[in-house]
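Examining the three-dimensional arrangement
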Amino acid sequence: FNPGPGWGGHCIPVDPFYLTWKARALGMSSHFIEHAGEINIQMPSYVVDHVQRALNDDRKPLNGSKILLLGIAYKPNIGDTRETPAFVIWKLLEDLRGEVAYFDPLVPTIKGHL
């Protein structure tokens, strides 16, 4: 599996915001980096919106639909789920009453993330 929407891990999601802070401290502009961080934060909502639209196109509600997330690690070929956007997507889908499950051969169990 390849990583899905957004960045994960313990440092990658924070790096753009650190860079913008440092740029400001040096009196420089970092709009492009700031914008990348903001887009990353919005990706889970973007994905859920597309799932909801796809279901609506088939005249099915998200409420009660069974949704399988394929791959939940934050990068390929590892079982690391730290700060993975998949957990945010999972929660947003459950908040809309979707029945969410996952499959990731590198992540056989989830411990305390949801």
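Here goes a summary of the coordinates provided.

Rules and cut-offs
Residues numbered from 1 in each chain as written. Predicted model: local features only at pLDDT ≥ 70, side-chain atom pairs only at ≥ 80, totals over all residues. Heavy atoms only, no water. Core = buried A, V, L, I, M, F, W, Y, C linked by side-chain atoms within 4.5 Å. Buried < 20%, exposed > 50% of the residue type's maximum accessible area, 1.4 Å probe, protein only. Helix = DSSP H or I, 4+ residues; strand = E, 2+ residues; numbered from the N terminus. Salt bridge = Lys/Arg side-chain N within 4 Å of Asp/Glu carboxyl O. Contact = heavy atoms within 4.5 Å.

1. With respect to the nonpolar core
In this structure, L62, L69, I72, I89, W90, L93 and V100 are the most contacted members of the largest nonpolar core, which totals 14 residues. The leading source of residues in this core is helix α3 (residues 85-95), at 5 residues.

2. Focus: the pattern of salt bridges
Across all of its chains, the model carries 4 salt bridges by this definition. For R82, the salt bridge is made with D80, and the minimal N-O distance between the two is 2.5 Å. Looking at R82, the relative accessible area reads 35%, which means it is partly exposed. The exposure class assigned to D80 is buried, which follows from its relative accessible area of 17%.

3. Looking at the side chain of S30
Residue position: S30 is located in the loop between α1 (15-25) and α2 (31-57). Residue classification places S30 among the buried positions, given a relative accessible area of 7%. Apart from residues no more than four positions distant in its own chain, S30 is found in contact with T20 and A23.

4. Some remarks on the side chain of T20
Within the secondary structure, T20 sits in helix α1. Judged by its relative accessible area of 3%, T20 falls in the buried class. Not counting the four nearest positions on each side in its chain, T20 is found in contact with S30, I33 and E34.

5. Overview of α3
Listing the buried residues of α3 in full gives P85, A86, F87, I89, W90 and L93. Those residues of α3 that are buried lie in contact with α2, β1 (66-70) and β2 (99-103).

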